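# Descriptive analysis of the structure
As a plain string of letters, each chain reads:
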Amino acid sequence: MTDPNVLPWLATPQPARHPQPTVKALDLTHLIFQRPDLNEAARFLTDFGLTVARQEADTLYLRATDATSYCYRVHLAEQARFIGFGLAVHSLRELEKLARIPGASPVEKSERPGGGYCVRLTDPSGFIVEAVCEQAPGKRREHRAPLSWNLAQEQPRINATQRPPIAPPEVLKLGHIVIEVADYQATCAWYTKHFGFIPSDVQVLPDGTPIVTFMRLDLGDVPAAHHTLAIAQGFMATYSHSAYEVVDADAVGMGQRVLRERGWKHSWGIGRHILGSQIFDYWQDPWGDKHEHYCDGDIFTAAQPTGIHLVSPEAMAQWGQRMPKRFTKPKMSLANLYALLLNLRRSPDLSIRKLVTLMRLFG
Ligand SMILES: [Fe+2]
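Residues numbered from 1 in each chain as written. Predicted model: local features only at pLDDT ≥ 70, side-chain atom pairs only at ≥ 80, totals over all residues. Heavy atoms only, no water.

## Some details on the pattern of salt bridges
- The tally for this structure, following the rule as stated, stands at 15 salt bridges.
- With a closest N to O distance of 2.4 Å, Asp183 and Arg346 form a salt bridge. With Asp183 in the loop between strand S9 (173-181) and helix H3 (184-195) and Arg346 in helix H5 (residues 334-346), the pair connects residues that are 163 residues apart, well separated along the chain.
- By relative accessible area, Asp183 is classed as buried at 13%.
- With a closest N to O distance of 2.9 Å, Glu261 and Arg257 form a salt bridge. Of the two residues, Glu261 and Arg257 are both situated in helix H4 (residues 249-261); the distance of four residues between them amounts to about one turn of the helix.
- Via salt bridges that share partners, Arg35, Asp285 and Asp289 belong to a single interconnected network. (Salt bridge = Lys/Arg side-chain N within 4 Å of Asp/Glu carboxyl O. Helix = DSSP H or I, 4+ residues; strand = E, 2+ residues; numbered from the N terminus. Buried < 20%, exposed > 50% of the residue type's maximum accessible area, 1.4 Å probe, protein only.)

## Brief notes about the nonpolar core
- Ranked by internal contacts, the top residues of the largest apolar core, which has 53 residues, are Leu31, Tyr72, Phe85, Leu98, Leu121, Tyr191 and Phe195.
- Take this core: its biggest share by element is six residues, from helix H1 (residues 38-48).
- Excluding residues within four positions of it along the chain, Phe195 makes contact with Val23, Lys24, Ala25, Leu87, Val89, Leu98, Leu121, Val129, Ala131 and Trp190.
- Counting residues in hydrophobic clusters, the runner-up holds 18 residues, among them Leu205, Ile211, Tyr282 and Ala317. (Core = buried A, V, L, I, M, F, W, Y, C linked by side-chain atoms within 4.5 Å. Contact = heavy atoms within 4.5 Å.)

## Focus on H4
- With 13 residues, H4 extends 19 Å between its outermost C-alpha atoms, agreeing within 8% with the 18 Å of an ideal straight helix rising 1.5 Å per residue.
- Among the residues of H4, those classed as buried are Ala251, Val252, Met254, Gly255, Gln256, Val258 and Leu259.
- Looking at the buried residues of H4, the elements they touch are H1, strand S15 (265-273), strand S16 (279-284) and strand S17 (290-295).
- Among the residues trailing H4, Gly263 stands out with phi positive, at a value near 85°. (Expected span 1.5 Å × (residues − 1).)

## So, the state of the cysteines
- For the coordinates displayed, the defined rule picks out zero disulfides.
- The thiol sulfur of Cys295 is not disulfide-bonded, and the nearest other cysteine sulfur, from Cys71, lies at 18 Å.
- A relative accessible area of 4% places Cys295 in the buried class. (Disulfide = S-S within 2.5 Å.)

## Some words on the pairing of strand S14 (residues 238-245)
- For S14, a buried count of six out of eight residues is recorded, marking the element as mostly surrounded by other parts of the structure.
- As defined by bridge partners, S9 adjoins S14 across seven bridges and the pair is classed as antiparallel. Pairing of Ile177 across the sheet is with Ser242, part of S14.
- Sheet topology places S14 next to S17; five bridges connect them, and they run parallel. Each residue of the ladder has a partner; that of Ala243, found in S17, is Glu292. (Pairing = 2+ DSSP bridges.)

## Topic: the coordination of the iron ion
- Binding of the iron ion to the protein goes through His176 (NE2), His241 (NE2) and Glu292 (OE), at separations of 2.1 to 2.2 Å.
- Along the chain, the residues that donate to the iron ion are spaced as H-x64-H-x50-E. Pair noted here: His176 is in strand S9 and His241 is in strand S14, with a separation of 65 residues, a long-range link.
- Residue classification places His176 among the buried positions, given a relative accessible area of 2%. (Donors = N, O, S within 2.8 Å, 3.2 Å for Na, K, Ca; no water.)

## Considering the sheet that holds strand S6 (residues 108-109)
- Sheet architecture is open: eight strands sit in the order S2-S3-S4-S1-S5-S8-S7-S6, paired in mixed fashion. The sheet terminates laterally at strand S2 (51-55) and S6, the two strands that pair on one side only.
- Judged from the five bridges that link them, strand S5 (residues 81-88) and strand S8 (residues 128-133) form a sheet pairing that is parallel. What sits directly across from Gly84, in S8, is Ile128.
- Relative to the sheet, H3 contacts S5, strand S7 (117-122) and S8, its axis offset from that of S8 by approximately 15°. (Axes fitted to C-alpha atoms, helices over the stretch in contact; angles between N-to-C directions.)

## Here we look at unusual backbone geometry
- Ile270 follows Gly269 through a cis peptide bond whose omega is 0°.
- Although it is not a glycine, Glu134 adopts a positive phi angle of roughly 55°.

## Digging into H3
- The end-to-end C-alpha distance of H3 is 17 Å, a good match for the 16 Å that 12 residues give at a rise of 1.5 Å each.
- Of all the positions in H3, only Tyr184, Thr187, Cys188, Trp190, Tyr191, Thr192, His194 and Phe195 are classed as buried.
- Once H3 ends, the next one or two residues include Gly196, with phi positive near 70°.

## What about the sheet that holds strand S13 (residues 229-233)?
- Sheet architecture is open: 10 strands sit in the order S19-S10-S11-S13-S9-S14-S17-S16-S15-S20, paired in mixed fashion. The sheet terminates laterally at strand S19 (307-310) and strand S20 (317-320), the two strands that pair on one side only. Strand-to-strand twist of the sheet, defined as the mean angle between neighbouring strand axes without regard to direction, takes the value 25°.
- In the sheet, strand S10 (residues 198-204) pairs with S19 via four bridges, with the strands oriented parallel. Pairing of Val202 across the sheet is with Ile308, part of S19.
- Each of S14, S16 and S17 touches H1; the most contacted strand, S17, lies at about 15° to it.
- Its contacts with the sheet place H4 against S15, S16 and S17, and it is angled at close to 20° to S16.

## Overview of the packing of aromatic side chains
- By the definition in use, this model includes 19 aromatic pairs.
- Aromatic side chains Trp190 and Tyr191 sit 4.9 Å apart centroid to centroid with 80° between the ring planes, which places their arrangement in the edge-to-face category. Tyr191 matches Trp190 in its accessibility class, with the two residues each being buried.
- A centroid spacing of 6.2 Å and a plane angle of 75° characterise the contact between Tyr191 and Phe197, whose relative ring orientation is edge-to-face. As far as burial versus exposure is concerned, Tyr191 and Phe197 are alike and both buried.
- Three or more aromatic residues joined by ring pairs form one cluster here, namely Phe33, Phe44, Phe48, Tyr72, Phe82, Phe127, Tyr239, Tyr244 and Trp264.
- The ring of Tyr61 is capped by Arg54, whose NZ or CZ atom sits 5.6 Å from the centre of that ring.
- Directly above the ring of Phe327 sits Lys290, whose terminal nitrogen or CZ lies 4.6 Å from the centroid. (Phe/Tyr/Trp six-rings, centres within 6.5 Å; stacked < 30°, edge-to-face > 60°. Lys NZ or Arg CZ within 6 Å of the ring centre and 35° of its normal.)

In structure tokens, the structure reads:
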């Protein structure tokens, strides 16, 4: 037997796939935010590469170029806040199964763009999950084709130049959402149990404690993005970032130029991740929330086993700018300090020792 002192994570329970999940989610459909200024939200998100699909007095819907009605919903509210996200499921029958989970709403007809049916759930950390089905697809929109590269081995571009448009890079689709939670194991287990998420890779502390779990959809033999949902250990439930796929690396680079020229705040990039392999660039919206452009991510079928890795700032990228210290720094306020103290007493996954280890690693 392997000595657990050498590989302590073998002795620590890690988030794992569930043998018989309630349903298997098909896709991440949309994110839900509250913002005090819809115009300011639209200004950032359109500079980022989304387009406004519908604007009502108190709700803003934005979309990507893929065949969905919307992927980003903003409700007008005094306080800026991330509410939750939507997951598509196969059928009404599956929605009925989800409606039996404690705290779930009954199956309801949706009045939002795309229509269909919806069940509203609350995960153990308080995030809302809107399970949806039978949404009408939106009309797919044109986007520029990927640039063809003259490589040493092959040069397809003769007497022609590279001149991608100097404009916000078109967002092709909503890719993933990353949340931080205090109740780590319970929240990870809820998503694997009820939506069939498969942990692709888990990052652990030297003592084996899981700190970040990257989860993909279980689409069987159909490859799914390395992560559609990622859950990180924090001291309270909060939004970490969301990510949007663009057509190629030049779109990531052009995004950086355009967002910089328009005065938005940069977070981290450009670089290439290790877990998931994406070429990435992170930008902050007007409320300091991170939004990521990416391309060239890994895709795994259900056959790929879960990987376990040591967590560190160096383990976040294989090249590019080192992860800045402020990237994982929590926003400190009186309310957050109160949440920290409360969760330290309450959550089985939180201890001062763990927080100090995390702060040493990333601080
Ligand atoms: Fe990401």
